[in-house]
Amino acid sequence: MLKTSLKSIALVAAVFGSGALMAQTCNTNAWGVDLSPGQGVAGAPLAGSPTQSVSRYSGRCGLQSDAAGEFVRDGSPADEPTYIARFYVKPNVTTGTAVLFQALDDAFPAAPAIQISQTGTQLGIAARGATSTNVTITANRWYAVEVNWTAGGNMTYSVQGNGATSASTGTLTGVTAGTQVDQASLGWISGGSGGDVTTDAFESRRTQPIGRLCRGDANGDTFLGAQDRVQIVNEILGTALAAGQPDVTEDGFVGAADRVQIVNRILAGDTCP
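A. Broad picture of the overall build of the chain. Helix and strand counts for the chain come out as 2 helices and 14 strands. Taking 19 Å as the expected radius of gyration for a compact globule of 273 residues, we find that the chain reaches 18 Å, a close match to that expectation. Along the longest, intermediate and shortest principal axes, the C-alpha atoms of the chain span 55 × 40 × 35 Å. A separation of at least 24 residues holds for 65% of the contacts in the chain among residues at least 6 apart in sequence.

What follows is the structure in C-alpha cells.
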C-alpha cells in the first residue's frame with residue numbers, strides 16, 4: 001500500500017500466479033489529485049514490490065527513490081487550516097540533509113508549512129514559524145511519522161519504528177497564523193546524496209489522529225495470531241507476499257527474525273491498537 005489521501009483513494013493492484021510469488025503491479029496513479037496532468041510524480045521513483053527489490057511496510061508495494069528530486073505529490077488538500085498526516089519512511093541518505101516530506105502553502109512555497117528531513121541519524125521535524133526539533137533514528141529502518149498541524153497554533157509529532165515499543169513525541173509551538181496546506185510531497189524531495197529513501201502507507205486527514213499500523217499483523221485483520229506467522233513463513237519461502245505488515249523487526253526485510261518476533265508477540269499477548 002503506497003498511499004491513501006484525504007479522499008482515502010485505493011492505490012495498487014497485485015497480480016499473483018498459483019503457488020508461486022510473482023511480480024507485483026504497483027503504481028502511483030492515486031497521486032496528483034487536483035494537480036495538473038503529470039504533476040503527481042517528480043523524477044522517477046520506483047513503485048515496486050519486494051520481487052523488484054523495493055521494500056514495503058504494508059500491503060505489497062512501496063515507493064523507492066534513489067536520488068534527490070524523486071517523489072510524489074498530492075494536491076487534494078484545499079486551503080487546509082488543519083492537517084494531519086501519517087506515513088512510513090525508511091530513510092537511508094548517506095550524505096547531507098534530505099527532505100522527505102513537505103506540506104506546502106502555495107503562497108509560500110519556499111517556506112513549507114511542514115517539513116520532515118533526514119540528516120544521518122537525525123530526523124528533522126519542522127513547521128513554519130515554530131522552532132524545529134530532531135528525533136534520533138537508525139538509518140535504513142522503517143519509521144511511522146505522524147504530524148497534527150494547526151495554523152496559528154501548534155504541531156504535535158510522533159515518530160516510532162525499528163521495532164520500538166514506544167514513540168518519540170513532542171509539540172512545536174508558534175505555527176504561523178494564516179498558513180494553509182495546499183499540497184503534500186513525499187519521497188526524496190531535495191538535498192543529500194547517496195543511498196535511497198523508501199516510503200509507504202501515506203494517509204492524511206483534517207481531523208482525528210491516524211495512528212500506526214499494527215506491526216506484525218501480516219494478514220491485515222487487526223489481530224495478532226497464528227495466521228500472521230503463516231503469512232510471514234509463506235513470504236520467506238517465496239510462496240506469496242503477505243497482505244498486511246509482516247516486517248515485525250521493521251528492518252526492511254522479511255526473514256527469520258520476523259518469524260521469531262511474531263511468535264514472541266503472540267505469546268506475550270500483544271494486541272493491535
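Here the narrative resumes.
B. Molecular detail of the packing of aromatic side chains. Tallied over the entire structure, the rule returns 5 aromatic pairs. Arranged with centres 5.8 Å apart and planes meeting at 70°, the rings of Tyr57 and Trp142 form a pair that is edge-to-face. One end of the pair, Tyr57, is in the loop between β2 (46-48) and β3 (62-65); the other, Trp142, is in the loop between β9 (133-136) and β10 (143-150), and 85 residues separate them in sequence. Trp142 carries the same exposure label as Tyr57, and that label is buried. Among the aromatic residues, ring-to-ring pairing joins Trp31, Phe87, Phe101 and Phe202 into one connected group. Note that Arg128 overlies the ring of Phe108, its terminal NZ or CZ placed 4.3 Å from the centroid.

C. Up close: helix α1 (residues 226-237). For α1, built from 12 residues, the straight-helix expectation of 16 Å at 1.5 Å per residue is met to within 8% by its first-to-last C-alpha distance of 17 Å. Regarding α1, the residues found buried are Asp228, Ile232, Val233 and Glu235. Buried residues along α1 cover an arc of 160° about the axis, so they all sit on one side. For α1, the exposed residues lying more than 90 degrees away from the buried face are Ala226 and Leu237. Each element contacted by the buried residues of α1 is listed here: α2 (256-267). One or two steps after α1, the chain reaches Gly238, where phi turns positive at roughly 85°.

D. Up close: the pattern of salt bridges. Under the criterion given, the structure shown has 6 salt bridges. Between Arg212 and Glu250 there is a salt bridge, and its shortest N-O distance comes to 3.3 Å. Of this pair, Arg212 sits in the loop between β14 (193-205) and α1 while Glu250 sits in the loop between α1 and α2, placing them 38 residues apart in sequence. Residue class for Arg212 comes out partly exposed when judged on its relative accessible area of 23%. Glu250 sits in the buried class, given a relative accessible area of 0%. For the salt bridge of Asp270 with Arg265, the shortest nitrogen-to-oxygen distance reads 3.0 Å. Residue classification places Asp270 among the partly exposed positions, given a relative accessible area of 31%. When its relative accessible area of 12% is taken as the criterion, Arg265 is described as buried.

Rules behind the numbers
Residues numbered from 1 in each chain as written. Predicted model: local features only at pLDDT ≥ 70, side-chain atom pairs only at ≥ 80, totals over all residues. Heavy atoms only, no water. Helix = DSSP H or I, 4+ residues; strand = E, 2+ residues; numbered from the N terminus. Rg over C-alpha atoms; globule rule 2.2 N^0.38 Å. Contact = heavy atoms within 4.5 Å. Phe/Tyr/Trp six-rings, centres within 6.5 Å; stacked < 30°, edge-to-face > 60°. Buried < 20%, exposed > 50% of the residue type's maximum accessible area, 1.4 Å probe, protein only. Lys NZ or Arg CZ within 6 Å of the ring centre and 35° of its normal. Expected span 1.5 Å × (residues − 1). Arc of directions from axis to C-beta. Salt bridge = Lys/Arg side-chain N within 4 Å of Asp/Glu carboxyl O.

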